[in-house]
Amino acid sequence: MERLNLNLLRALATLLEEKNVTQASVRLHLTQSAMSRQLAQLRDYFDDPLLIREGNSYHLSARAIELLPRVQSILSQADGLRQLSHFDPASCDRQFSFACTDYVAQFIFPHILNRLQREAPGISFSYELWKPQSLSRLGQLPLDFVSTTISTLPANLQSIFLGKDQPVCLMAAKHPLATEARPSLDALLAYPFVRVNSGGDKDSFFERALESQGLSRQILFEVPFFSAAFQVVAQGRALMILPAHIARNAANALPLSYCELPLALPEHHYHLCWHLKHDRDPAHGWVRNCIADEIKASMYSPKFHDLKS
């Protein structure tokens with residue numbers, strides 16, 4: 001016999017612990033003849049009697065006495081392979097990475113970092129601006145978590161649903177349309193628009209709706225950050241299509257207003273995503289639950305999706 005498999009190791013440990021072929025067979029749910037065959041294989045492998053019969057009992061050979069604790073240790077380690085390692089946030093010193101929009105980074109990410117600093121001070125965290133085209137490549141990227149708008153998850157991604165809302169139109173508080181709850185499409189198209197070109201698809205539905213009617217809009221500026229777009233809109237007559245919860249927060253902080261759009265609206269569904277390869281990682285699971293909890297609890301989160309209140 002060239003190799004000793006795990007089943008024979010378990011049989012060896014049981015035989016040496018019980019010092020009895022019959023009792024070992026009962027414990028392993030084998031017939032006595034099958035247990036005897038395994039003992040013969042073990043004796044052949046180790047070139048040692050292992051169990052020495054004397055009357056109705058057995059004695060362990062010197063080799064068997066030396067083998068027993070070693071075999072028990074091997075089996076214990078093998079059994080432990082099926083168990084997830086215990087995760088202690090306070091002693092974790094891993095680094096994680098998170099991609100999201102600048103809106104999440106500015107208003108919600110600090111709360112996430114504060115919680116991690118309190119509960120897992122050894123964890124380090126890096127942020128980068130999310131690029132939607134990278135979603136299908138998440139398994140190859142050095143990214144642990146992604147907060148984004150998505151309707152269908154690509155293969156091998158998992159997610160936690162964070163909330164939903166619908167798009168609205170943002171404008172300066174003193175804009176000519178600011179007093180209208182639902183301006184007409186012609187009224188909106190009389191003004192230029194600002195677009196945010198990073199962080200997720202927020203207004204392509206509007207382009208498609210215009211194209212279906214043979215219409216188009218003027219894009220005054222494309223900017224990478226919500227904060228830059230808010231400043232442009234607040235200081236002029238440009239409009240901006242964006243999720244309702246972001247519009248509400250912007251209007252609370254700047255001289256801005258927002259209104260309903262005069263067309264059928266999609267729902268924005270927000271998810272915290274990660275690759276399947278991280279799904280059973282206890283540390284990863286703990287951190288992503290912290291992130292999801294903080295986003296859901298935040299006053300800046302998509303659960304606040306009502307229009308003017």
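Source: prediction; values computed, not measured.

**Observations regarding the pattern of salt bridges**
- Using the criterion set out here, one finds 15 salt bridges in the structure.
- Across the pair Asp279 and Arg288 runs a salt bridge, and its minimum N-O distance is 3.6 Å.
- What makes Arg288 buried here is its relative accessible area of 8%.

**Structural notes on the nonpolar core**
- Grouped together as the largest cluster of nonpolar side chains are 49 residues, with contacts concentrated most on Phe98, Phe125, Leu170, Phe230, Met240, Leu242 and Ile291.
- With 22 residues, the next largest nonpolar core counts Leu12, Ala13, Phe46 and Leu50 among its residues.

**Comments concerning the sheet that holds strand β4 (residues 124–129)**
- Strand order across the open sheet formed by 5 strands is β4-β3-β5-β12-β6, with mixed pairing between neighbours. Every other strand in the sheet has two partners, leaving β4 and β6 (157–165) as the edge strands with one partner each. Across the sheet, the mean angle from the axis of one strand to that of its neighbour is 20°, orientation sign disregarded.
- Relative to strand β12 (residues 268–275), β6 runs antiparallel, the two being bridged by 8 bridges. The partner of Lys164 across the bridge, within β12, is His269.
- Across the face of the sheet, helix α6 (residues 109–119) comes into contact with β3 (95–100) and β4 while running at roughly 170° to β4.
- Sitting on the sheet, helix α11 (residues 282–297) touches β3, β4, β5 (145–149), β6 and β12, and the angle it makes with β6 is about 5°.

**Looking at the packing of α6 against α11**
- Where α6 contacts α11, the axes come no closer than 9 Å and their chain directions differ by 135°. It follows that α6 is oblique to α11 by the angle criterion. Relative to α11, the crossing made by α6 is right-handed. Facing His111, Ile112, Arg115, Leu116 and Glu119 of α6, the residues of α11 in contact are Trp286, Cys290, Ile291, Asp293, Glu294 and Ile295.
- For the contact of α6 with α11, the residue count by class is 6 nonpolar, 1 polar and 4 charged.

**Notes on the sheet that holds strand β10 (residues 240–243)**
- Strand order in the open sheet made by the 3 strands is β10-β7-β11, with antiparallel pairing throughout. Every interior strand has two partners, whereas the edge strands, β10 and β11 (256–259), have only one. Here the strands of the sheet are splayed against their neighbours by 40° on average, with no regard to which way each runs.
- The pairing of strand β7 (residues 167–172) with β10 spans 4 bridges and is classified as antiparallel. Across the sheet, residue Cys169 finds its bridge partner in β10, namely Ile241.

So, how was this worked out
- Residues numbered from 1 in each chain as written.
- Predicted model: local features only at pLDDT ≥ 70, side-chain atom pairs only at ≥ 80, totals over all residues.
- Heavy atoms only, no water.
- Salt bridge = Lys/Arg side-chain N within 4 Å of Asp/Glu carboxyl O.
- Buried < 20%, exposed > 50% of the residue type's maximum accessible area, 1.4 Å probe, protein only.
- Core = buried A, V, L, I, M, F, W, Y, C linked by side-chain atoms within 4.5 Å.
- Pairing = 2+ DSSP bridges.
- Helix = DSSP H or I, 4+ residues; strand = E, 2+ residues; numbered from the N terminus.
- Axes fitted to C-alpha atoms, helices over the stretch in contact; angles between N-to-C directions.
- Contact = heavy atoms within 4.5 Å.
- Parallel < 35°, antiparallel > 145°, perpendicular 65-115°, else oblique.
- Left-handed = near helix turned anticlockwise from the far one by under 90°.
- Nonpolar A, V, L, I, M, F, W, Y, C, P; charged D, E, K, R; others polar.

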